[in-house]
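Take a look at the letters that make up each chain.
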Amino acid sequence: MEKSLHSLSLQFGTSEQTGKTKQTELISSKLMADPRIGKAKELLAAALKEYSSTIDAVRSADPVLVPQYQEALARLAVARGGAPYFPYITSGIGNGPFVELGDGSVKLDFIVGIGVHGLGHSHPAMLAATVDAGLEDTVMQGNLQHNSGSLAMCERLLGLANQHGAKLDHCLLSTSGAMANENSLKIAFHNRFPAFRVICMDNCFAGRSLALAQLTDRPAYRAGLPKTLDVDFIPMFHPADPEGTTRGAIETLKRLLARHPGEYACLWIELVAGEGGYYPGTKPYFEELCKICQAHKVLVIFDEVQTFSRLSQPFAFQHFGLDAYADLVTLGKITQVCATLYGDRLKPKEPVLSQTFTGATASIRCGLAILDELESKKCFGQNGWNVRRHQYFKSKLEQLAKKYPGKLSGPYGEGMMIAFTPGDGEADVAKDMLMRLYNLGLMGFLAGSNPNRIRFLPPPGVTTEQHIDSACGIIEQAIREMGE
Ligand SMILES: Cc1ncc(COP(=O)(O)O)c(C=O)c1O
């Protein structure tokens, strides 16, 4: 627990002056080295472990707690202007992918807040990082408030991004994936003025701001909203017709560029369509499109808000070998704080980027601790944990697909993004299955439309083969129930 606190503060911690014996030490370093703090953290960690470790399997609700839980859910629906998607309020404790709810039930959480809790629930490293953050002077960091964690996070993300040859020099932190994408679009437009159009792929999702609603290929998500941007769509790669979809995308892109010369600022890409249904592209497909964009001076933005840390490399653009094309990259979710990475040549010349908040001190420290843990658990690499867990989950789902023909197809996705199509993929079948899974104790979420899929984002740092076995056992139970 001491390590993370020290590794940040030591950036300014002590210095020996040449030729003098005097040592300077910051007050913050003295605070962090105070034995009372180490002791307090040990006690907190021991207490958490004692209770958390008892949460080790799916459990049904305690009937005594159900009435007050139902009442809390009803109040939540009123307060937030609608019932939450799942009847889900946690008690505030869990253990890896297991989480205890306020009715005493325990769920196997394979969606983790849509890909956010990379180490699952109640992880000791998150407690340690949060306590460290509580000892810092401010809750939030921002453009007039940089603590050493901001510096550490920016450098860490840039180091990871550039390890295979990308040239991303700067990192702008922000509090949401939407804001990271907004910032990337601003940088692209600013550098390509007066270009005003964007190219996206069919089926994509970019976030919930007014501008991003235009990029997102879901008409319902922009119902009643004014048009803010000119966006054109090209076909996404489809494994059922790799050559046809690749050719179709290239032809459409060329046609658009010829029809609107000089009007496109950027191509914005999700390398695995997340919300859209877990459709990954391939290197040749993406590379062709990126090359054409480069030739036309159209900037390439990779949105890694959902993919970051889930494939064989920290970044999906590294997984697909597209480092040479990464003009701008956005990320978020699992890092707890979001970011826009870009090259120095794109640095805006006017003050178009700024925010009061770049992130919470705790989010930044927790994000760094998650990155430490994912690297030390060897999540990355061709034979890394993410790839191996994917293979295991995939083989289990394939067995189910064989055993129950017509009930489940797939799986789809890459790494720790995995999905299947229930039955014929109709919306009501998928929703029925999702809710059955929830009631039986497994949390996933919907993705895509036509077909509608059920997706999982298991926490990469803590998911084991036993957890995957439990998840598949629950999926089989749900299939059986639906056949009754
Ligand atoms: C690919 C992608 N981009 C952007 C976003 C928006 O992120 P946020 O919800 O943090 O604004 C999401 C969120 O699901 C996403 O999946």
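Residues numbered from 1 in each chain as written. Predicted model: local features only at pLDDT ≥ 70, side-chain atom pairs only at ≥ 80, totals over all residues. Heavy atoms only, no water.

A. Here's a closer look at the overall build of the protein chain. Within the protein chain, the secondary structure is distributed over 16 helices and 21 strands. Expected size for 484 residues packed as a compact globule is a radius of gyration near 23 Å; at 23 Å, the protein chain falls within 12% of this value. With the C-alpha coordinates aligned to their principal axes, the bounding extent of the protein chain is approximately 70 × 60 × 45 Å. For the protein chain, the proportion of its 484 residues judged to be buried stands at 52%. Counting only contacts in the protein chain whose residues sit at least 6 apart along the sequence, the fraction spanning at least 24 positions is 72%. (Helix = DSSP H or I, 4+ residues; strand = E, 2+ residues; numbered from the N terminus. Rg over C-alpha atoms; globule rule 2.2 N^0.38 Å. Buried < 20%, exposed > 50% of the residue type's maximum accessible area, 1.4 Å probe, protein only. Contact = heavy atoms within 4.5 Å.)

B. Just the sheet that holds strand E17 (residues 408-414), in detail. Read from one edge of the open sheet, 4 strands run E17-E18-E21-E20, paired in antiparallel fashion. The sheet is open, and its two edges are formed by E17 and strand E20 (445-447), each paired on a single side. For this sheet, the mean inter-axis angle between neighbouring strands, taken without regard to orientation, is 35°. Strands E17, strand E18 (417-422) and strand E21 (453-456) of the sheet are contacted by helix H14 (residues 385-403), whose axis makes an angle of about 165° with E17. (Pairing = 2+ DSSP bridges. Axes fitted to C-alpha atoms, helices over the stretch in contact; angles between N-to-C directions.)

C. Representation of the state of the cysteines in the model. A complete count under the given rule lists 0 disulfides for this structure. Cys338 forms no disulfide, and the closest cysteine sulfur to it belongs to Cys171, at a distance of 11 Å. (Disulfide = S-S within 2.5 Å.)

D. Inspection of the side chain of Asn147 at higher detail. For Asn147, the position within the fold is in the loop between strand E6 (140-141) and helix H7 (148-161). By relative accessible area, which is 10% here, Asn147 ends up buried. Within the structure, the side chain of Asn147 is placed 2.8 Å from the side chain of Gln145, a separation counted as a polar contact. Sequence-distant contacts of Asn147, that is, excluding residues within four places in its chain, are made with Glu136, Asp137, Thr138, Gln141 and Thr361. (Polar contact = N/O pair within 3.5 Å; in protein donor to acceptor, adjacent residues only side chain to side chain.)

E. View of the side chain of Thr330. As for its placement among the helices and strands, Thr330 is situated in strand E14 (residues 328-331). In this structure Thr330 comes out as buried when scored by relative accessible area, which is 0%. There is a polar contact of 2.9 Å between the side chain of Thr330 and the side chain of Asn181. Ignoring anything within four residues of it in the chain, the contact list for Thr330 reads Ala180, Asn181, Ser184, Phe302, Asp303, Glu304, Val305, Ala339 and Thr340.

F. Main features of the packing of H7 against helix H13 (residues 361-376). Running from N to C, H7 and H13 point in directions that differ by 35°, and their axes come no closer than 9 Å. H13 is crossed by H7, and the crossing has left-handed handedness. Across the interface between the two elements, Gly149, Ser150, Ala152, Met153, Arg156, Leu157 and Leu160 of H7 pack against Ile364, Gly367, Leu368, Leu371, Asp372 and Glu375 of H13. A per-class count over the contact of H7 with H13 returns 7 nonpolar, 3 polar and 3 charged. (Left-handed = near helix turned anticlockwise from the far one by under 90°. Nonpolar A, V, L, I, M, F, W, Y, C, P; charged D, E, K, R; others polar.)

G. Main features of the confidence of the model for the protein chain. In the predicted model, the protein chain carries a mean pLDDT of 95, and the fraction of residues at 70 or more is 95%. Confidence over residues 1-7 falls short of pLDDT 50; this stretch has 16 contacts with residues more than four positions distant or in other chains. (pLDDT = per-residue confidence, 0-100.)

H. Inspection of the packing of helix H3 (residues 35-52) against helix H6 (residues 124-134) at higher detail. Taken N-terminus to C-terminus, the directions of H3 and H6 make an angle of 145°; their axes are 10 Å apart at the nearest point. In this structure, H3 meets H6 at a crossing whose hand is right-handed. Listed contacts from H6 to Lys41, Leu44, Ala45 and Leu48 of H3 are Leu127, Ala128, Val131 and Asp132. A breakdown of the residues in the contact of H3 with H6 according to their chemical character gives 6 nonpolar, no polar and 2 charged.

I. Representation of the sheet that holds strand E10 (residues 264-270) in the model. One open sheet holds the 7 strands; their spatial order is E7-E15-E14-E13-E10-E8-E9, and the pairing between them is mixed. On the outer flanks of this sheet lie strand E7 (170-174) and strand E9 (230-234), each paired with one strand and no other. Strand after strand, the sheet turns through a mean of 20° between neighbouring axes, direction not considered. Sheet topology places strand E13 (residues 299-304) next to E14; 4 bridges connect them, and they run parallel. Looking across to E14, one finds that Ile301 is bridged to Leu328. This element, helix H10 (residues 242-259), spans strand E8 (197-201), E9 and E10 of the sheet and lies at about 150° to E9.

J. Examining the pattern of salt bridges more closely. As enumerated under the stated definition, the model contains 19 salt bridges in all. Each of the salt bridges in this network shares a partner with another, and the network as a whole consists of Lys41, Asp132, Glu136 and Arg365. (Salt bridge = Lys/Arg side-chain N within 4 Å of Asp/Glu carboxyl O.)

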